[in-house]
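Survey of secondary and tertiary structure
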Amino acid sequence: MNQIIKRRVITRLSSIVIIKILFLSLPVVAEQLIPTIDDSVEAFIPAPPAEVIATDAVYDQGGAVHLEWQLSPDDDGSAGVYNYQICRQQEGTDEYIPIDSVLAGVSSYIDETVEPGRSYQYIVAVNGDCGSAPSEASNVVTPNIEWLNFGLSNLFVIGLIICGSVIYFIAHAKRGKKLFIRRIAGLEAVDEAIGRATEMGRPILFVPGILDMDDVQTIAALTILGRVSRVVADYDTKISVPVSRSLVMTAARETLKASYMAAGRPDAYSDDMASYITDEQFGYVAAVDGKMVREKPATCFLLGAFFAESLILAETGNSIGAIQIAGTARPAQLPFFVAACDFTLIGEELFAASAYLSGEPKQMGSLKGQDVGKGIAMIIILLGVIATTFGNAWNISLLRRIADFLRTLFEVG
Amino acid sequence: MDAIGLWIGAFLTLGIISFLYKDNPWYKLSEAIFVGVSAGYWFITLFWDSIYSKFYIGITDKGDYYLIVGAILGFLMLLRLVPKIGWISRWPLSFIVGAISGFYLINYFSSNVMRQVANTVMPLFSTEYGQSLFTAPIGTIVANIIVAGGTFTGLVYFFFSKEHKGAFGVTARIGIWVIMITFGATFGYTVMSRMSLLIGRMDFIFGDWLGLIK
């Protein structure tokens, strides 16, 4: 018992001694760890940036101000400068509010949080190790709405040339001159496909894609529907147009109605020819697939904008032995149509289809006008590539200038 | 409740997959439920997103009175239901088609035509000014030739005003070959992404429902 008490007393005494030694030695250790402040060295505060210039961003809706400044002389890549703080004073207030910051080495900033018609002034403060240094205030800038975007002048001129060509060729066609359009295999097959359905006594299925009327492919598809339904009305064949958008249903019904009236058979038209199914992509596909296997159409038109459902629809059509004419401008879906359909309209051919099928002067003229645009593009590419390749290789400044000029013609600001 | 949803989901998934065998009552039931539920869901979504959030809140809270123009056009569409004045519904339709065509024309033209042409004007065999021919890496030379040549020959293929005969026809044929090779690459790439959809459903069946995949 005595030995236990003795051991406890020794343990306690030794703990007290250790703690005292530690406490006594702490100031000594602290002195060694904390560096002494040398009063002769000044705290590093970087020199402020200079010449802060604020300008209204050009050709916009008055929603942006472009800022530029000269970097702080101390911003030379060393670790002393952290960033630049952008501060803005709004008209009618007397204080600068920080709005954003940019990294060291950056000497410009676009403020896209301004309102048109209000005046602003800016200060750029550089932040360093021991403080920050603000610049002089910038000039006052008032962002304005620009009604014309002169950065798109080249687009306007090329657009004018193409539109002028379209008008010229329309007038040309209206005078009775024949306009040549090369054979497009997929479109040659349209009449044949409708005739086949008529002979077999089976309906035609027309799917105008799954996007709304805000997609040009849907509009192109409905234009082709106009031509197809005209022939269908003449042949007295059944046609079914299931759609996934209510607006497309309305437009499809109008198209069908106009075609049946033009064919002199308004009585044969029915609103049921174009029916809305659902906006849901795969719900729509499930319904169209069911329709295909139950009604067994002899001909399927899959024209318009498609996504993952393209192969499902094309494969189902293939499985029921229907002749299929497909077309889309979506590159990711075209391979599936090429693999599973009899004829495929590739991109531009879809848009050319209505002109090709109808042969109307307006549409033919439009197609010819577009060809003028393609011709210009081909010439520019050919000349530009030759000029830049040989201008580079042989260091001929004239060729390089020509190449730069041609490139600039098509660069959009 | 979750278990019931899981069983219904599995039942409908298998119903849709049963179409691979042939059209059958199970598929018809799944299809009808899918179409009905999704149509109802979209109706509610569009009502709250467009009519309530955009139009009603826009007018009452934000004072965006220009939205009334859209509402009037939408109302005119409904006049189709009145046979005598149904023709008025063509006006908003014409407005939508015309306005959208004009609006997207600039975007399509600048991205699909202008930028494409500007980016195709490139040196084929060198990368910097003053370099002699064939100084660029072989990979860059091949890539440049494919981009410039492919764009040019592709344009020739889509030129409708001239018969594809002679040198023009050969160039157009090269163009369609380039397009088809691109389609081949796209086909493989897209099939792989579709496989992930299938894997997702299989994971649901064998993992979430049957618990065979942990």
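Every chain is numbered on its own, with residues counted from 1 as its sequence reads. Throughout, the order in which chains and ligands are written sets their labels, letters from A for the former and numbers from 1 for the latter. At least 70 in pLDDT is required for a residue's local features to be given in this predicted model, at least 80 for side-chain atom pairs to be given and counted, and no such filter applies to totals for whole chains, interfaces and linings, which use all residues. Heavy atoms from the whole structure form the basis of all side-chain values; hydrogens and water molecules are not counted.

**A short note on the environment of A:M200**
Residues and elements named next belong to chain A. The criterion, for reference: Labels follow the DSSP assignment, with helices taken as runs of H or I lasting at least four residues and strands as runs of E lasting at least two, numbered in each case from the N terminus. Burial status follows relative accessibility: with a 1.4 Å probe on protein chains alone, a residue under 20% of its type maximum counts as buried, one over 50% as exposed, and anything between as partly exposed.
Looking at where M200 falls in the secondary structure, it is placed in helix 3 (residues 185–200). For M200, a relative accessible area of 36% puts it in the partly exposed group. When the C-alpha atoms of M200 and Y109 are compared, they prove to be 69 Å apart, with 91 residues separating the residues in sequence.

**A look at the confidence of the model for chain A**
Predicted coordinates in regions of low pLDDT should not be interpreted in detail. Basically, it comes down to this: As a per-residue measure, pLDDT tells how confident the predictor is, with possible values from 0 to 100. Contacts are assigned to residue pairs that have any heavy atoms within 4.5 Å of one another.
Considering every residue of chain A, the mean pLDDT works out to 87; 89% of them sit at 70 or more. Confidence drops under pLDDT 50 across residues 19–38 of chain A; counting only partners more than four residues distant or on other chains, this segment forms zero contacts.

**Points about the pattern of salt bridges**
All names here are of chain A. For clarity, the cut-off: Salt bridge, as used here, is a side-chain nitrogen of Lys or Arg placed within 4 Å of a carboxyl oxygen of Asp or Glu.
This model, assessed by the stated rule, comprises 15 salt bridges over all chains. For D236, the salt bridge goes to R265, with nearest N and O atoms at 3.1 Å. Of this pair, D236 sits in the loop between helix 4 (216–235) and strand 9 (239–243) while R265 is found in the loop between helix 5 (246–262) and strand 10 (274–276), placing the two residues 29 residues apart along the sequence. Under the relative-accessibility criterion, D236 is labelled exposed at 53%. For K374, the salt bridge identified is with E348, shortest N-O distance 3.5 Å.

**Observations regarding the sheet that holds strand 3 (residues 81–90) of chain A**
All names here are of chain A. Worth spelling out the cut-off: Following DSSP output, two strands are said to pair if at least two bridges run between them. Orientation is described by lines fitted to C-alpha atoms, with helices fitted over the stretch in contact, and by angles between N-to-C directions that extend from 0 to 180 degrees.
Taken in spatial order, the four strands line up as 4-3-6-7 in an open sheet, and their pairing is antiparallel. The open sheet is flanked by strand 4 (97–103) and strand 7 (131–134), the only strands paired with a single partner. Between one strand axis and the next, the sheet turns through 30° on average, direction left out of account. Across four bridges, the pairing between strand 6 (residues 120–128) and strand 7 is antiparallel. For A125, the partnering residue across the bridge sits in strand 7 and is P134.

**A short note on the sheet that holds strand 1 (residues 50–56) of chain A**
Residue and element names in this part refer to chain A. Taken in spatial order, the three strands make up an open sheet running 1-2-5, and their pairing is antiparallel. The open sheet has two free edges, formed respectively by strand 1 and strand 5 (108–111), since each of these has just one partner strand. For this sheet the average axis-to-axis angle between neighbouring strands, irrespective of direction, equals 20°. Pairing of strand 2 (residues 65–70) with strand 5, which is carried by four bridges, proceeds in the antiparallel orientation. Looking at the pairing, E68 lines up with S108 of strand 5.

**Remarks on the domain arrangement of chain A**
Keep this limit in mind: Start and end points for every domain follow an automatic or database-based domain assignment.
Domain annotation for chain A reports domain 1 (50–134) and domain 2 (179–359). Using only C-alpha atoms to locate each centre, domain 1 of chain A and domain 2 of chain A end up separated by 56 Å.

**With respect to helix 4 (residues 90–120) of chain B**
We apply this condition: Under the convention used throughout, the expected extent of a helix is 1.5 Å for every residue step, that is, one less than its residue count. The term bend refers to the angle at a residue between two fitted axes, each drawn through seven residues, those ending there and those starting there.
With 31 residues, helix 4 of chain B extends 43 Å from end C-alpha to end C-alpha; this agrees with the ideal 45 Å at 1.5 Å per step. Its axis deflected by about 35° at B:S110, helix 4 of chain B carries its strongest bend there. Those residues of helix 4 of chain B hidden inside the fold are in contact with helix 2 (153–174), helix 5, helix 10 (361–393) and helix 11 (397–410) of chain A together with helix 3 (67–78) and helix 5 (138–157) of chain B.

**Regarding the confidence of the model for chain B**
For chain B, per-residue confidence averages 89 on the pLDDT scale, and 97% of positions sit at 70 or higher. Mean pLDDT values over the elements of chain B span from 86, in helix 4 of chain B, up to 94, in helix 2 (residues 25–60) of chain B.

**A word on the packing of aromatic side chains**
In this description, an aromatic ring pair is defined by two values, namely the gap between the centres and the angle between the planes. The cut-off we apply is this: Between 30 and 60 degrees the pair is tilted, below 30 it is stacked and above 60 it is edge-to-face, where a pair is any two Phe, Tyr or Trp rings, Trp via its six-membered ring, whose centres lie within 6.5 Å. Two thresholds decide whether a charge sits over a ring: the Lys NZ or Arg CZ must be within 6 Å of the ring centre and within 35 degrees of the ring normal.
Within the structure shown, the criterion is met by 20 aromatic pairs over all chains. Centroid distance B:W7 to B:W209: 5.3 Å. Interplanar angle 85°. Geometry classified as edge-to-face. One end of the pair, B:W7, is in helix 1 (residues 2–17); the other, B:W209, is in helix 6 (residues 166–209), with 202 residues separating them in the sequence. By relative accessible area, B:W7 is classed as exposed at 56%. For the pair B:W87 and B:W91, a centre-to-centre distance of 5.7 Å together with 75° between the ring planes defines the contact as edge-to-face. Taking relative accessible area as the criterion, B:W87 reaches 45% and is therefore assigned partly exposed. By relative accessible area, which is 54% here, B:W91 ends up exposed. An aromatic cluster is built from B:F47, B:W48, B:Y52 and B:Y56, whose rings are joined through pairwise contacts. The ring of B:Y157 carries A:R182 above its face, with NZ or CZ at 5.0 Å from the centroid.

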